[in-house]
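Results of the structural survey
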Amino acid sequence: MGSNAELPVLIAGGGIGGCAVALALAQKGYHSVVMEKSEEFVEIGAGIQLGPNVHKMFERLGIHKAIEDIAFYPANIFMKDGITGELITQIDTGKKFREKFNAPYGVIHRGDLLDILVNACNDSDFIKMLTSTEVYKFEETSAQVTASIKDGRNLKGSSLIAADGIWSKIRSEIINDGPPIVSGHIAYRAVLPIEEVPEFVNNDDVVLWAGPKFHLVHYKLRRGELFNIVAVFHSDKYEEGWDAFGDPKELHSRFKNARDEVKNLLNKINSWKMWVLCDREPVKNWSKGKVTLLGDAAHPMLQYLAAGAGMAIEDAVVLADKVNKSKGNFEQSFKDYQQSRYLRTGQVQATARIYGQIYHASDVVAELRSKMLKGKSPQNYDGIAWLYDGIEV
Ligand SMILES: Cc1cc2nc3c(=O)[nH]c(=O)nc-3n(C[C@H](O)[C@H](O)[C@H](O)COP(=O)(O)OP(=O)(O)OC[C@H]3O[C@@H](n4cnc5c(N)ncnc54)[C@H](O)[C@@H]3O)c2cc1C
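Residues numbered from 1 in each chain as written. Predicted model: local features only at pLDDT ≥ 70, side-chain atom pairs only at ≥ 80, totals over all residues. Heavy atoms only, no water.

Using the criterion set out here, one finds 21 salt bridges in the structure. Salt-bridge contacts for Lys28 lead to Asp321; the nearest nitrogen and oxygen are separated by 3.4 Å. You can see Lys28 sitting in the loop between helix 1 (16-27) and strand 2 (32-35) and its partner Asp321 sitting in helix 9 (residues 308-325), a full 293 residues away along the chain. Residues Lys150 and Glu134 are paired through a salt bridge, measuring 3.8 Å at the closest nitrogen-oxygen approach. Residue Lys150 is located in the loop between strand 9 (145-149) and strand 10 (154-157), and its partner Glu134 is located in the loop between strand 7 (127-130) and strand 8 (135-140); the two are separated by 16 residues in the primary sequence. By relative accessible area, Lys150 is classed as exposed at 59%. Note on Glu134: relative accessible area 24%, which makes it partly exposed. (Salt bridge = Lys/Arg side-chain N within 4 Å of Asp/Glu carboxyl O. Helix = DSSP H or I, 4+ residues; strand = E, 2+ residues; numbered from the N terminus. Buried < 20%, exposed > 50% of the residue type's maximum accessible area, 1.4 Å probe, protein only.)

Below you can see the structure in the form of structure tokens.
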């Protein structure tokens, strides 16, 4: 099937993935329309960790300077036992790390990252940004794709990229694999001004406290002005979306055996927002004709490798390269794009589940974990190079 090159590429979803792909396509000279269902382009208040593989993509997208101005660059990633306090393992993310991967390890507020992407999109003559535009279905003909919007509008494009997240409506029309898999894990998150952070955790490291069926991660954000806390635990609650209020009672009961340091930090927060964590089995084919998926819509993963947004940004750069190489043959380029991506994203999906088990191990398995990891601080970074080396584009 051919396609009408006069029409823009339609992008459903104006989150990190949707804006990144609009930007990547614009750099190759392709027009696009980003259709976001919310009234404004806005991200939830929480931090995000980004490995060197993602920072290389920021360079490609031309936004690395803006990121550098606002990110925080931690000195180490520590994994500690949430009960005994002992150090389990450590990755030095300083000078040696930067030299090894040719890029830093950085953490950034999700809102800051989205603002940078949205501003870059708004500055581009190739991108039209629409809010209050919820796509609920599409129709494809030989020449075009039409996206139907909830308010009755129909938008026409040369192709459609669905970057509409883990609860993607468009995915169900391409891959009929039902709703996402509920992991039974919940994340509670909060961000504090740095002045309110207790001295005992106010340092320049990403710290992960691992405990039986729970873990807690904290790190500084926004040049060190803010402090991000994410507490994860096993629970049978389910609520779709990323913005419901958490129940502090349940949180404190799940962390009741944690060491005082962890509990004291949790006590600092009055109001938590929660995420119910879901993923899917990896698939190989997420495109149909001139329609494809990107980011969480294509390969949702548990967050234990802190890599989902990074994968969406890599997807964006690869997809735009393939479209450009095929000179706008969307059907072919979407096949090439998923072929380049499915094994890498599948590896992150599968490995993230294993990391979750390692973090949340109890009893004998926890002892074994600590014994195996202790003293093996991965200073040659071999174990994680498959992810952080990044991709050839
Ligand atoms: C607790 C937690 C911690 C995480 N930490 C990290 C981390 O440290 N590092 C990392 O790289 N990743 C992390 N992730 C993963 C990361 O958040 C996701 O992978 C990333 O947000 C995916 O981006 P996306 O653009 O594909 O989807 P989303 O961010 O979900 O964006 C989808 C967008 O589409 C819009 N939308 C939805 N439906 C429609 C529709 N029908 N029409 C129009 N618009 C629509 C939504 O409003 C939204 O703006 C974490 C995730 C969680 C849950």
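Here we come to the sheet that holds strand 18 (residues 287-288). Strand pairing in a sheet relies on backbone hydrogen bonds. The paired strands run either parallel or antiparallel. Pairing within the open sheet is mixed, and its 6 strands lie in the order 7-2-1-11-19-18. Unpaired on one side and paired on the other, strand 7 and strand 18 mark the two borders of the sheet. Two strands pair when backbone bridges link them, and strand 1 (residues 9-12) and strand 11 (residues 159-162) are joined in this way by 4 bridges, in the parallel orientation. Directly across from Val9, in strand 11, lies its bridge partner Ser159. (Pairing = 2+ DSSP bridges.)

Quick look at the packing of aromatic side chains now. Applying the stated rule across the entire model yields 16 aromatic pairs. Both rings, one in Tyr105 and one in Tyr388, keep their centres 5.8 Å apart while their planes meet at 65°; by these two values the pair is edge-to-face. Here Tyr388 lies in helix 12 (residues 385-388) and Tyr105 lies in the loop between helix 4 (95-101) and strand 6 (106-109), a separation of 283 residues in the sequence. Take Tyr105 and Tyr388: they sit in the same class, and that class is buried. Ring centres 6.0 Å apart and planes at 80° place the aromatic pair Tyr355 and Tyr359 in the edge-to-face group. Separated by 4 residues within a single helix, Tyr355 and Tyr359 lie in helix 10 (residues 330-359), roughly one turn from each other. For Tyr355, a relative accessible area of 25% puts it in the partly exposed group. When its relative accessible area of 10% is taken as the criterion, Tyr359 is described as buried. Here the aromatic residues Phe97, Phe101, Tyr105, Tyr381 and Tyr388 are joined through ring pairs into a cluster of three or more. (Phe/Tyr/Trp six-rings, centres within 6.5 Å; stacked < 30°, edge-to-face > 60°.)

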